[in-house]
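Each chain is listed here by its residues.
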Amino acid sequence: MKRLKTGMLLVTAVVFGIISVCSSAFAADVIKIGYTAPFTGSAAEFGTNGWRGIQMALDEINAKGVSIGGKKYTVEIVRYDSVCTPTDGAANLRKLALEDKVVTILGDHCSSVCNAISPLCEQFKIPGITIECAADNVTKPGNDFYFRMRASVGLMAPLFTPKIIEKFGPKSAGYLVVNDDYGLGLAKAVEEEFNKAGVKSALLETFERGNTDFTVNLVKIKQANPDVVFYAGSASEGAMILKQANEMGITKEIKFIGSEEMGEMELLSLAGAKAAEGTYAVALWGAVPEDFAKQVKDRFNAPMHYAIIFGYDALHVAVNAIQKAQSLDPVKIRDALKQTDYAGLQGHIQFFDFDGYKNQGKAAPSLIQWKNGERVPL
Amino acid sequence: MEVLFLQIGNGLIIGSVYALVALGLNMIWSITDIPDFAQGSFYVLAAYVGLFAVTLAGLPFVAALLLGMAVGALLAFLCERLLYRRWRERTFRDAARVQLLCAIALFFLFANVANALWTGKPRTFPAYMEGAVFGFSYMRINVLIAAIVLFVIVYLFIMKTKQGKAIRAASMDPGMAQVLGVNIDTVNSMVFAIGGALSGGAAVLVAPLYSVFPSMGDLPLLKALVVVILGGFGSVAGVLICGLGLGVIEALGAMYVSSAYQHGYAFFILILVLLLKPKGLFGRV
Amino acid sequence: MWNTNRIILGIMLFVLLAIPLFASSYIVYVVTLAMLFSMLTASYDFMTGFTGPLSFSHGAFYGIGAYTSALLTLKTGMSFWVAMPVSTLTVFVFAAIVGYPALKLRGHYFAVTTFFFGHFIYLVLLNSRDITKGPLGLGGIRPPESLFGINFGNMTAMYYLILFFGALMVVFLFVLVNSSIGKLLVSIRENEDLAQASGVNTAFYKVMAFSISSGFAGMAGSLFAHFFRLLHPSTFAWMTSEMIVIMFLVGGAGTLIGPIIGAGVVTFILELMRFAPEWRFIIWSILLIAILIIEPRGLAGLYNRIRGRRA
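Residue positions are given per chain, counting from 1 as you read along its sequence in written order. Going through the entries in the order they are written, you letter the chains from A and number the ligands from 1. Confidence filtering applies because this is a predicted model: local features only for residues at pLDDT of at least 70, side-chain atom pairs given and counted only at 80 or more, and all residues used for totals across whole chains, interfaces and linings. Calculation of side-chain values draws on the structure's entire complement of heavy atoms; hydrogens and water are dropped beforehand.

## Regarding the pattern of salt bridges
Turning to step 1, where the next piece is worked out: The salt bridge criterion pairs a side-chain nitrogen of Lys or Arg with a carboxyl oxygen of Asp or Glu, the two atoms within 4 Å. Scanning the model with the defined rule gives 22 salt bridges over all chains in all.
Turning to step 2, where the next piece is worked out: Between Arg280 of chain C and Asp88 of chain A there is a salt bridge, with the nearest N and O atoms lying 3.5 Å from each other. Taken together, the residues Arg280 of chain C in helix α13 (residues 280–294) and Asp88 of chain A in helix α3 (residues 86–99) connect one chain to another. Residues Arg280 of chain C and Asp88 of chain A agree in their burial class; the two are buried.
Turning to step 3, where the next piece is worked out: Residue Glu193 of chain A pairs with Lys196 of chain A through a salt bridge whose shortest N-O separation is 3.4 Å. Placement of both Glu193 of chain A and Lys196 of chain A in helix α6 (residues 181–196) is noted, with a separation of 3 residues, approximately one turn of the helix.
Turning to step 4, where the next piece is worked out: Three exposure classes are used, based on accessible area relative to the maximum for each residue type with a 1.4 Å probe and protein chains only: buried under 20%, partly exposed in between, and exposed over 50%. On the basis of relative accessibility, which here comes to 18%, the residue Glu193 of chain A falls in the buried class.
Turning to step 5, where the next piece is worked out: Among the charged side chains, a salt-bridge network with shared partners connects Asp88 of chain A together with Glu271, Arg274 and Arg280 of chain C. Secondary structure elements are taken from DSSP: a helix is a run of H or I of four residues or more, a strand is a run of E of two residues or more, and numbering for both begins at the N terminus.

Structure, rendered in structure tokens:
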């Protein structure tokens, strides 16, 4: 007993020792870029994927090195876990800005966190690029220091809904969305567009992130029997929904149209080609170069995911701006970011101020359909 | 009518998962006074073990199920033996709370270990059976059948065997049982192992219907806590009835009231039942 | 004990007063959150440590306070200085209404009921989208109006404001637990039936303790709302309630000062771990179990043991 207690004390001491050593590690001639993302909790898969993309970009960049004023630098990423909670995200940002003195910040993945850190980016005068936050209010009204590459939910909806209406001519639509800013925001935006075109709303069903059994929602959908069901949520939940809908024989009568996550290759590995067959999805990326997809596969043994692409693009955009600014002054980097003109994997990346948005990208989403385990563009 | 039938059926199937996790929790709770939150994480680890048994080792589903149960039992047994037991003597006032804190810590620990080892990415558990009847797949129906079989086994074990008698004695009055020669250490090890096995079994049973991911144990754990309290301590049948009942009520509530509050109905049922019967529906007084 | 407590609290107050003078805004931010959690655990201790019933709904009352205060200032244009007492009182009354039936339950029955009460409140905050904006988050909350020329839009000013109210609350609770009421509460904790038999209206005192403790959680929530200025239901989900229980037990139940320090220590450990994103909670939970093995009575127990050995 006594020995065990001494042992435990020792373990505690060693852990603290490791911490102090790790935090004091420091190298010269590095550009520090911060990354805040959920690495634990129910949104962990997004942070994990974003980090994969950033690692891919990081290796490419450091292989060449970044030269500023004739001096060579390597890039170092300092990353912290936000657990998808605003208070943790704000702590991350303050630590990155004030303790680690990073020059640019990437992240976060959750809109609630993005909304918490965007004013802080402005306060500390450090440019930030969100990886995948989709709520409109992240850049609307936004501020001078926070950038978004992807289209927000309000910008996406008018771009893909006409294609759905043209293709199916639905009379009624149901919505099955995850109960967060992303799911509800997208459902609202799509509903608005649908209503304008005379498509009636049949029902709105929400579920909590981390839910596993959707039969209850699916039975309600079966009863309401809309022509199309618009789904917004993660690929994992979407896959379970498709499997369970298939089981109940709903997919034969009702068309499932998923948000961008349902256009991910991951859906296939999760739901299987059979359950995914015939499902439509909004796609944020078209064709990714084959060698990139292969690199991801070899390195992480993971299917392509948009967070990988977004993370990859985000770091490249940030480093390009640093190189263009030829300075490590965050304000100058911000100015260079505003001039971004970069051909990313997700499309052409530029930042605009328009319609009340600030520093917002204009990438246009498209529609795809799953056929025999392939993404077929429409 | 068909909709009602589907909802009740789905409710029963979800409910049987709650009931399985709750049965082990109930036995542990009523004998050792520990609300063993860690059961929620044994659920997660067992699901991963079952998944790897099928995908990597190519074992048949039944073998994966047994393996998952074994892993759950082993982990629960070890936690009791190495951790909870040291605070059992109750030499200070908050011993029970320390055990609770330890249980919560273990719950965080194992769920995050799964996250660190296998990332947050959900994984698919391959289907082991095709086909459906009346809108329920065979795999789904199997969950209910297996749950009932497991309940009968546990019931027979408790009622008919010598070890079962010891468990029953300990759950009624641990002090008296010890005087009468029941080895309380053995009883504790046994109930923890049974609890872990049931949680692990429940996880592997539903894994092919859902996905396997690190936070998959949260909801079953929460609902199992309610079922234990609703059913009352020390009643095997009470746990089964309340587990299935809660599943059905949630499904019907989601159908006819609002699905946004699907996981909140438990609160109303708890308040209602406990105000009428403060010891649960089937608890001994 | 009373005297050493005073010395420790005095030192803590001195250190907390000094922190913003030299520390970065990151440290000030983290310490502010720790102070808010100290308020939560101290008020939780009043209920659970001194009176007995273990509850898992403290985070929910924190959330009700935060949303009430934020909505009052946003929708009616009420000043923070009115909204804070109003929301504290609202939570106080609400807790009494909930507590009156719920506290008839004992032990685990009460604990699990409060757990689901907390989850239910979270669902209400999440799904009442017309009022709380649900998962979109409630933003645009104003900082407290200037008072005596102090602008509370400044984080340091907000830090001192929270420290002021926190200190006020701790002093109030200390006076209360050392009064005759405190002794009554302890008698309920030690043996409820006996206390009842000797003429104590246990139901009344339990509800009172529950309301006071929840009311202070509401006050902390109001301060949080106007400090962070962005509310999201996830901030008040069951993790928060569990974290409060963990901090409370790490500190040492029924000592008031233990949980205050416990909140600081747990926050500090979690902050230290920030460098290891995936392993943060793993190391943290192992440390937690290690603390339990070394001294199950928490930090207060450890302190007593060291002091006992010297004496």
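Having put the structure on the table, let's press on.
## A look at the interface of chain B and chain A
Turning to step 1, where the next piece is worked out: On the side of chain A, 35 residues touch chain B, which itself brings 35 residues to the contact.
Turning to step 2, where the next piece is worked out: Scanning the region where chain B abuts chain A turns up 2 salt bridges.
Turning to step 3, where the next piece is worked out: Among the ionic pairs, Asp213 of chain A bridges to Arg140 of chain B, the shortest N-O distance being 3.3 Å.
Turning to step 4, where the next piece is worked out: Pairs of N or O atoms within 3.5 Å make up the polar contacts considered here, provided that, within protein, one atom can donate a hydrogen while the other can accept it, and that residues adjacent in sequence are counted only when both atoms are side-chain atoms. Remark: the boundary between chain B and chain A carries 10 residue pairs in polar contact (both at pLDDT 80 or more).
Turning to step 5, where the next piece is worked out: Of all the secondary-structure elements, those providing two or more residues to the side of chain B that touches chain A are α1 (2–32), α4 (95–118), β1 (123–124) and α10 (236–256) of chain B.
Turning to step 6, where the next piece is worked out: The dominant element in the side of chain B that touches chain A, judged by the number of residues it contributes, is α1 of chain B, at 6 residues.
Turning to step 7, where the next piece is worked out: Classifying every residue of the side of chain B that touches chain A by side-chain character gives 15 nonpolar, 14 polar and 6 charged. When checking whether two residues touch, look at their non-hydrogen atoms; a contact exists if any pair is within 4.5 Å. Amino acid classes used here: Ala, Val, Leu, Ile, Met, Phe, Trp, Tyr, Cys and Pro are nonpolar; Asp, Glu, Lys and Arg are charged; the rest, including Gly, are polar.

## What about helix α7 (residues 215–224) of chain A?
Residues and elements named next belong to chain A.
Turning to step 1, where the next piece is worked out: Counting buried positions along α7 yields 7 of 10 residues, so the element is predominantly enclosed.
Turning to step 2, where the next piece is worked out: Of all the residues in α7, the buried ones are Thr215, Val216, Asn217, Leu218, Val219, Lys220 and Ile221.
Turning to step 3, where the next piece is worked out: Among the residues trailing α7, Asn225 stands out with phi positive, at a value near 50°.

## A word on the domain arrangement of chain A
Residue and element names in this part refer to chain A.
Turning to step 1, where the next piece is worked out: Boundaries between domains were set according to an automatic or database domain assignment. Per the domain assignment, the segments making up chain A are domain 1 (28–151 + 292–360) and domain 2 (154–283).
Turning to step 2, where the next piece is worked out: Each of domain 1 and domain 2 was reduced to a C-alpha centroid, and the two centroids are 29 Å apart.
Turning to step 3, where the next piece is worked out: In total, domain 1 and domain 2 occlude about 1400 Å² of area from one another, counting both sides; carbon and sulfur atoms represent 56% of this.
Turning to step 4, where the next piece is worked out: Here domain 1 is connected to domain 2 by 1 salt bridge.
Turning to step 5, where the next piece is worked out: Here domain 1 and domain 2 share 4 residue pairs in polar contact (both at pLDDT 80 or more) between them. Once two parts are put together, the accessible area they lose, assessed with a 1.4 Å probe and summed over both, is termed the buried area.

## Structural notes on the packing of α10 of chain B against helix α11 (residues 265–276) of chain B
All names here are of chain B.
Turning to step 1, where the next piece is worked out: Where α10 contacts α11, the two axes come as close as 10 Å, and the packing angle between them is 125°. With respect to α11, the element α10 is oriented oblique. Taken as a pair, α10 and α11 cross one another with a handedness that is right-handed. Taken together, the residues of α11 that come into contact with α10 (itself represented by Leu246, Ile249, Glu250, Gly253 and Ala254) are Tyr265, Ala266 and Ile269.
Turning to step 2, where the next piece is worked out: Class assignment of the residues belonging to the contact of α10 with α11 gives a composition of 6 nonpolar, 1 polar and 1 charged. Convention adopted: a line fitted to C-alpha atoms gives each axis, helices being fitted over their contacting stretch, and angles between N-to-C directions are expressed from 0 to 180 degrees. The labels follow the angle: roughly parallel below 35 degrees, roughly antiparallel above 145, roughly perpendicular from 65 to 115, and oblique for the rest. Crossing handedness: left-handed means the near helix sits turned counterclockwise from the far one by under a right angle, and right-handed means the same turn made clockwise.

## Some remarks on unusual backbone geometry
Residue and element names in this part refer to chain A.
Turning to step 1, where the next piece is worked out: With an omega dihedral of 10°, the bond running from Gly107 to Asp108 counts as a cis peptide bond.
Turning to step 2, where the next piece is worked out: By secondary structure assignment, the location of Asp108 is in the loop between β4 (104–106) and α4 (111–124).
Turning to step 3, where the next piece is worked out: Of the consecutive residues Lys140 and Pro141, the connecting peptide bond is found in the cis state with omega at 10°.
Turning to step 4, where the next piece is worked out: Along the polypeptide, Pro141 turns up in the loop between β5 (128–130) and β6 (146–148).
Turning to step 5, where the next piece is worked out: Although it is not a glycine, Asp355 sits at a positive phi angle of roughly 45°.

## Notes on the packing of aromatic side chains
Turning to step 1, where the next piece is worked out: Under the pairing criterion, centres of Phe, Tyr and Trp rings, with the six-membered ring standing for Trp, must be within 6.5 Å; the plane angle then separates stacked pairs below 30 degrees from edge-to-face pairs above 60, leaving the rest tilted. Per the counting criterion, the structure on display carries 54 aromatic pairs over all chains.
Turning to step 2, where the next piece is worked out: Their ring planes at 70° and their centres at 5.4 Å tell us that Phe164 of chain C and Phe165 of chain C sit as a pair that is edge-to-face.
Turning to step 3, where the next piece is worked out: Its relative accessible area of 48% is what places Phe164 of chain C among the partly exposed residues.
Turning to step 4, where the next piece is worked out: An aromatic cluster is defined as three or more aromatic residues linked by ring pairs; in this entry it consists of Phe37, Phe107 and Phe108 of chain B together with Phe56, Phe115, Phe116, Trp238, Phe281 and Trp284 of chain C.

## A look at the confidence of the model for chain A
Turning to step 1, where the next piece is worked out: The pLDDT value tells you how sure the predictor is about a given residue, anywhere from 0 up to 100. Across chain A, the average pLDDT comes to 84, with 92% of residues at 70 or higher.
Turning to step 2, where the next piece is worked out: Overall, residues 21–27 of chain A carries pLDDT values under 50, and its contacts beyond four positions in sequence, including any with other chains, amount to 2 contacts.

## A few points about the environment of Trp238 of chain C
Turning to step 1, where the next piece is worked out: Inspection of the secondary structure puts Trp238 of chain C in helix α11 (residues 238–251).
Turning to step 2, where the next piece is worked out: A relative accessible area of 18% means that Trp238 of chain C is categorised as buried.
Turning to step 3, where the next piece is worked out: Sequence spacing of Trp238 of chain C and Ser57 of chain C is 181 residues, and the spatial spacing of their C-alpha atoms is 8.0 Å.
Turning to step 4, where the next piece is worked out: In contact with Trp238 of chain C, other than residues within four places in its own chain, are Phe107, Asp218 and Leu222 of chain B together with Phe115 and His119 of chain C.

## Quick word on the interface of chain B and chain C
Turning to step 1, where the next piece is worked out: Across the contact, 46 residues belong to chain B and 43 residues belong to chain C.
Turning to step 2, where the next piece is worked out: Between chain B and chain C the total buried area reaches about 4200 Å² when both faces are included, carbon and sulfur atoms providing 80% of it.
Turning to step 3, where the next piece is worked out: Remark: the boundary between chain B and chain C carries 0 salt bridges.
Turning to step 4, where the next piece is worked out: Counting the contacts that link chain B with chain C gives 3 residue pairs in polar contact (both at pLDDT 80 or more).
Turning to step 5, where the next piece is worked out: Put simply, the parts of the chain that give the side of chain B that touches chain C at least two residues each are α4, α9 (218–231) and α11 of chain B.
Turning to step 6, where the next piece is worked out: With 14 residues, the top contributor of residues to the side of chain B that touches chain C is α4 of chain B.

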